[in-house]
Amino acid sequence: RDLFNLFVFLEIVSIATYGLLGLRDTPDALSATFKFLMATVLASTFFLIGTVLLYAVTGVLNIDELIANRDAITGPIGFAALMFLLACLLLELKPFPANGWGLDVYETARSDIAALISGGVSAGVFYALLKLLPLFDDQLEVIAVLGAVTFVMSNLIGLRQTKAQRLLGYSSVGQIALLTIAVSLLYERGAEDAVPVVAGGLFVNHLFAKVGLPHDWGGGVPFGKPG
């Protein structure tokens, strides 16, 4: 329940992911890993700046206290702090159209690693957003709209894919966007008690659908082609 520890959690997830992605050392895979590294470093920088600014405004880093004293986070510094935090979390969730770096990772990573990233890494970032969502009361509609655009476009573009793992990437991005829509609208309507049931059900479905897939694909092999 500490904002800086949450930053450390996100860093540990990112660093572990770099190592897993490096298990495949083809040029395409290494290029995708580098893009992933740069995007997550940028997102982590946003989160750290937001954390520093929130501490400057409130003098605390405990998430429960920050949520309880949400009205005290005002002024240009407070607004900037929240925007930096939100920008980090949304960037990590791979919103449309700024998600090519994430889709390249899904396509070029080992199939078992791609499934792990789909079911684990994205879930970790979504969990961080869920913990901090009460801080973003004024931005809930924006979050929901961004999630809706990402969900629709990911599924439409996914229909045209012939490579299994890139299709997995579009599907995973779309499912996390659907989770983001659900929790944003539930919080906006004051139905936070329904979040565990709705978000939990959607996530369990996503988890079994992605991680439960057979992991014997060749990286980026088109449907119907031998691996």
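Here is what the cut-offs are and how they apply
Residues numbered from 1 in each chain as written. Predicted model: local features only at pLDDT ≥ 70, side-chain atom pairs only at ≥ 80, totals over all residues. Heavy atoms only, no water. Helix = DSSP H or I, 4+ residues; strand = E, 2+ residues; numbered from the N terminus. Expected span 1.5 Å × (residues − 1). Phe/Tyr/Trp six-rings, centres within 6.5 Å; stacked < 30°, edge-to-face > 60°. Buried < 20%, exposed > 50% of the residue type's maximum accessible area, 1.4 Å probe, protein only. Contact = heavy atoms within 4.5 Å. Arc of directions from axis to C-beta. Core = buried A, V, L, I, M, F, W, Y, C linked by side-chain atoms within 4.5 Å.

A word on helix α4 (residues 75-92)
- Across its 18 residues, α4 extends 26 Å between first and last C-alpha, which sits within 8% of the 26 Å expected from 1.5 Å per residue.
- Residue K94 follows α4 closely and has a positive phi angle near 60°.

So, the packing of aromatic side chains
- Counted by the stated rule, this structure contains 4 aromatic pairs.
- Considering the side-chain rings of F7 and F47, the 6.3 Å spacing of their centres and the 15° angle between planes classify their relative orientation as stacked. One end of the pair, F7, is in helix α1 (residues 3-21); the other, F47, is in helix α2 (residues 27-58), and 40 residues separate them in sequence.
- A relative accessible area of 12% places F7 in the buried class.
- Judged by its relative accessible area of 0%, F47 falls in the buried class.
- By the ring-pair criterion, three or more aromatic residues cluster together here, those being F4, F7 and F47.

Some details on the side chain of K131
- Looking at where K131 falls in the secondary structure, it is placed in helix α6 (residues 111-132).
- Discounting chain neighbours no more than four positions away, the residues touching K131 are R1, I63 and I67.

Structural notes on helix α7 (residues 140-158)
- Compared with the 27 Å implied by 1.5 Å per residue over 19 residues, the 26 Å span of α7 between its first and last C-alpha is a close match.
- For α7, the full list of buried residues reads L140, I143, A144, G147, T150, S154 and G158. Projection of α7 onto a plane perpendicular to its axis shows the buried side chains occupying an angular sector of 130°, all on one side. Of the residues in α7, the exposed ones pointing more than 90 degrees away from the buried face are E141, V142 and V145.

Some points on the nonpolar core
- One finds L3, F47, L89, L132, L133 and F136 to be the most contacted residues of the largest nonpolar core, which totals 53 residues.
- A total of 9 residues in this core trace back to one element, the largest contributor, which is α6.
- In contact with F136, not counting residues within four places along its chain, are R70, L82, L85, L86, L89 and I143.

Brief notes about the side chain of T33
- Relative to the elements of secondary structure, T33 occurs in helix α2.
- Ignoring sequence-local partners within four residues, the contact set of T33 consists of Y18 and L21.

Taken by themselves, the reported measurements are silent on function.
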